[in-house]
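Coordinate inspection notes
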Amino acid sequence: MSQWKQIQQLEGKLLEHVDNLYDDNFPMDIRQGLASWIESEDWETAANEESVAKVLFSSLLTQLDRMCSQESNFLQRHNMKIIKQQLQVKYKTNPVLMATVIATCLREERRILSSACMQEQGPLGKSLQNSVSFEKQRNMENRVGLIRSSVQLMDQAVKHIENLQDDFDFCYKTLQSRDPAENNSKETSKELTNLQEMLNRLDFKRKEILLKMDVVIKEIDDLMTSQLGPALQEWKRRQQIAAIGGPLLSGLDQLQSWFTVTAQSLFQTKRQLDKLGELVLKVTYESDPIPLQHPQMEERVKYLIYHLIKSSFVVEKQPCMPTQPQKPLIIKTGVQFTTKVRLLVKLPEVDYQLKVKTTFDKDLPPGRVSRQFFILTNNTKVMDIEDYSDGCLSVEFRHLQLKERKYINGTKGNEGLLSVTEELHSLSFEACFTVQGLTIDLETCSLPLVVISNVCQLPGGWASVMWYNLLTDEPRNLAFFANPPRAAWSQLSEVLSWQFSTFAGRGLNREQLCMLGEKLLGQSASCNDFQVSWSKFCKENMAGKPFSFWMWLDSILELIKKHLMPVWNDNYIMGFVSKELERNLLKNRKPGTFLLRFSESHLGGITFTWVEHGDNGEIKFNSVEPYTKNRLSALPFADIIRDYKVISAGVVPESPLKYLYPDIPKDEAFRRHYNSHPSKAYPYIPSTLIPVSEVRSSASISPPSRSPEPPMTPGEFDMLSEQLCFEIDTMSSPYSE
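**Regarding the packing of helix 10 (residues 134–177) against helix 11 (residues 185–243)**
- Here helix 10 crosses helix 11 at 160°, and the two axes come no closer than 9 Å. Considered as vectors, helix 10 and helix 11 are oriented roughly antiparallel to each other. Crossing angle aside, the handedness with which helix 10 passes helix 11 is left-handed.
- Taken together, the residues of the contact of helix 10 with helix 11 sort by class into 25 nonpolar, six polar and eleven charged.

**A word on the nonpolar core**
- Core analysis: the largest hydrophobic core is formed by 157 residues, its most contacted members being F537, L596 and F608.
- Sorting elements by how many residues they give to this core places helix 11 first, with 17 residues.
- Not counting residues up to four positions away in its chain, the partners in contact with F537 are A463, M466, W467, L492, L496, V532, S548, F549 and W550.
- Of all hydrophobic cores here, the second largest spans 36 residues; its members include W4, L21, W43 and M98.

**What about the pairing of strand 3 (residues 337–343)?**
- Counting buried positions along strand 3 gives six out of seven residues, so the element sits mostly inside the fold.
- Relative to strand 3, strand 1 (residues 313–320) runs antiparallel, the two being bridged by five bridges. In the sheet register, K317 faces strand 3, and the bridge partner there is K340.
- Sheet analysis places strand 3 next to strand 8 (residues 392–400), joined by six bridges and oriented antiparallel. For F337, the partnering residue across the bridge sits in strand 8 and is L400.

**Some thoughts on helix 18 (residues 549–569)**
- In this model helix 18 runs just 23 Å from its N-terminal to its C-terminal C-alpha over 21 residues, more than 12% under the 30 Å that 1.5 Å per residue would give.
- The principal kink in helix 18, of about 90°, is found at H563, preceding the proline P566 by one to four residues.
- Most of helix 18 sits inside the fold, with 15 of its 21 residues counted as buried.
- Trailing helix 18 by a residue or two, N571 shows a phi angle of about 65°, which is positive.

**Digging into helix 16 (residues 510–521)**
- In this model helix 16 runs 16 Å from its N-terminal to its C-terminal C-alpha over twelve residues, within 8% of the 16 Å that 1.5 Å per residue would give.
- Turning to helix 16, its buried residues are Q512, L513, M515, L516, G517, L520 and L521.
- The secondary structure elements touched by the buried residues of helix 16 are helix 15 (489–504), strand 14 (531–532), helix 17 (534–539), helix 18 and helix 19 (579–586).
- Positive backbone phi, approximately 75°, marks G522, located one or two places after helix 16.

**As for the sheet that holds strand 3**
- Pairing is antiparallel in the open sheet, where four strands are placed in the order 1-3-8-7. Single-partner strands in this sheet number two, and they are strand 1 and strand 7 (384–386). Taken over all neighbouring pairs, the strand axes of this sheet differ in orientation by 35° on average, direction set aside.
- Against the sheet, helix 12 (residues 252–282) engages strand 1, strand 3 and strand 8, with an angle of about 30° to strand 3.

Conventions adopted
- Residue indices begin from 1 for each chain and proceed along its sequence in written order.
- Where totals are concerned, whole chains, interfaces and linings use all residues; where local detail is concerned, this predicted model gives features only for residues with pLDDT of at least 70, and gives and counts side-chain atom pairs only at 80 or more.
- Only heavy atoms go into the side-chain values, all of them from the structure, while hydrogens and water stay out.
- For helices, the fitted line uses only the C-alpha atoms of the stretch in contact; every axis is such a line through C-alpha atoms, and the angle between N-to-C directions lies from 0 to 180 degrees.
- Counting from the N terminus, the helices are DSSP H or I runs at least four residues long and the strands are E runs at least two residues long.
- By the definition adopted for this analysis, an angle is roughly parallel if under 35 degrees, roughly antiparallel if over 145, roughly perpendicular if from 65 to 115, and oblique otherwise.
- By definition, any crossing whose near helix is turned counterclockwise from its far helix by less than a right angle is left-handed, and any crossing with a clockwise turn is right-handed.
- Gly falls in the polar group here, along with every residue not listed as nonpolar (Ala, Val, Leu, Ile, Met, Phe, Trp, Tyr, Cys, Pro) or charged (Asp, Glu, Lys, Arg).
- Nine residue types can take part in a nonpolar core, namely buried Ala, Val, Leu, Ile, Met, Phe, Trp, Tyr and Cys, and a core is a set of them joined through side-chain atoms within 4.5 Å.
- In this scheme, a residue with accessible area under 20% of its type's maximum is buried, one over 50% is exposed, and one in between is partly exposed, where area comes from a 1.4 Å probe on protein chains only.
- For this analysis, residues touch if any pair of their heavy atoms sits within 4.5 Å.
- The pairing criterion is simple: DSSP has to find at least two bridges between the two strands.
- Expected span, for any helix, means 1.5 Å times one less than how many residues it has.
- Note on bend: at a given residue it equals the angle between the axes fitted to the 7 residues ending there and to the 7 starting there.

Nothing here speaks to function; it is all geometry.
Below, the structure is given as C-alpha cells:
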C-alpha cells in the first residue's frame, strides 16, 4: 500500500497533523494527484544536489501538465494551472528548496505513520500519554461547563435583584412623595411593613448572590491552579519533547477552548459585580453586604483575569529555520527563521490591533555569553485572527534574521566559558492587551536557542537542544550547560530512537538500542537507570577514536537520510553490531550470508561482512572497507550489493554475497531498490560501475617473509573501477575500433 493511502486511513487527530504539513509551498492537491510519482522519486538526494533538483522540478511541471490534460472538471483544471504558475514563480530559481519542502513532508508523513503504529513506548512516551488521558480531559470539560452554567445562572439572579430593587425603589418613592395629610396611620403602617419585607428580601438576595459569586470565584481559582495551569505546563512539556522528535504535539485548540470559556466566565462575573456596584448607588442601607464585599471580590476577579490572560500568551511554534524543519531551536546567523505566538483567550470584544514585539536575549545578565546578537529584520507585527483554526488570535514571524554584534575593541568578553553550541539564548515576545478597562502587559519567550555561524556546528547544537529539552522543563535556564545534569539511559535511548524515526523514517528496536548502550556505556547499559554525563555523550572521544559518541551517531543518521533510507526502512540494516557479535551471528550460517552494519572506525560509514567455509571446515569472515557518503554519492548502495565482485588471482570475478542475514536471498531483499537502466535512443550498450575487491595471495605477490598486504585502498578501488568501466565500454560499443 502506498504511503499516501496509509495516511488517508489514519484517525482524525493524526490527519490534522498531516493537514498542517501542506500549504502554498506544497499544496495537498499535488500530493493527492501525483502520489505515486512523488513517492517514487528521490527527494532526499534532490534536496542536497541542485542538478537532481532541477530535473525533478522540470518533471513535476510535466506531471502537472499531464494532470491538467486529464482533468475533466473545469474548476479543478483551472486551479491546477494556477498552482503550476505559483510553483514556477516560487521555485524556478531555487528548485533545491522545492525538493527540501517535499522531502520534509514525506519524512513527516512517515513519522506520523510511525507514531500511529508505535506499540512499545519508553518512559517518556508513556508519561506524556498519561498527561493527556481521556479521563483528565473529560473532568476538565465537566468543571469548565459547570462554571459556565453557574455564571449564567447568576446573570438571572442579578436581573432578579435588579427587579426587586426597582419594585422597592418605586414603592419607597411613592410613599415618600405622598402628602402627609393624606396618610392614614393604619395604611402607612401597612405600607412600611411591606417595604421592610421587600428590603429584607432584597438584602437576602444580595447576600445570596454574593455567596454564590464567592463560590464560583473560588472554583475558578481552584480550576486555574489545580488543572488549567498544569494542563498548559503539560502541553509546554510535550512541546519540548515533540521538538526533539517525540510524540506528535496536539491539544492547543482544546486548551484554547478551556482558557476562553474560563475567561468568559470571569469577565461575565466582573460585569455582574459592576452591575451590583451600580445598584448600590441607587439603593443602599445599613449593613448592606455589597459595599462590604464588592471591592475585595472585584480585585480577586481582576487578578484571576490578569493571571489567566498573561499565561495564555504562548509560543505555538518554536523558532526554526525552514532549511532544518526537524531541528528547531537552532538558528544560524544570516539565515531567516520563523516562529509563531498565540493568545489562547478568544474574546469578541478584544481590540485586535495587538502589536507583538520580538527581542533577542532580553534582560540577559552581562557576562553570561561571549557572543551577542540582534534581530536584523523587522521585529514587530500585528496579531490577527486565523479563520482556519477556530478564530484564534496569533502572529507568525516568517522572516526573522540574526546578526552578531560587532565589538569596537575587537574582543567578545568571556571567551572560552562555554562552547558555541553550549551557549543558550532566548527570543522574547511582548504585547500590551487592553480589554474591558483592563490593561495587561503580555510577555512570553521561546525555549532556549543555540546560535551557530557555520553548518559544521549543527550536530553539536542539536545535541545541546536534545539534552536541554530532555532533562528540564524550565523555560529559560540559560545557564544550563554551566553544570549540565546527567541523563538516565532509559530516557536517552528513547530520544535516540526518535532521531532515527524522525530523520530516517524508522526508529530503533530493543536490540539496536542495547547495542548502542554497550557502545556508549559498556556492559553497564543493561541497567536502564545508568546515568550518562553530557561530556560522555557529546564531548569526550570514544575509546581509541578521534570522535565522540554523538558525532559518530549523527554521521550515521546523515548517511541513512541521504543514501540508505529505502534499505533502512525495510529493516535490512542491522546497524549497531560489534565485530564479535557479528562473527557469532554469521559463523553457523550458509556460505555467502552477509549482514550490514555501521562502521565503528569511520564517521558515517557502512560495511558488510560475509562468511565463507573452507574445504577443511575453516570459517572465514570478510569485511569490505566501509562505504562513506563520498563513495555512495557515485553509486547507490543497493546497486553496490547487487554488483559487488571479488577478484582472486586466476579466478573470474564473482559475487560472494548470497543471502542477507539470516537467510533472505540477496535479490529477493534488494531487487526493488536496484536502479533500472532504461534503454537509450542512441545505439550504445549501457555500462555498469561494478564495485570490486581484490583478494591478494601472499605467495604470489608478497615475499615469503612479509605478511599479506592489506585490502585495497579507496584510490586503488577507484582506479580499478574506472579501468573496468573503460574496458566494458570499449568491448561493448559497436563504434569501437
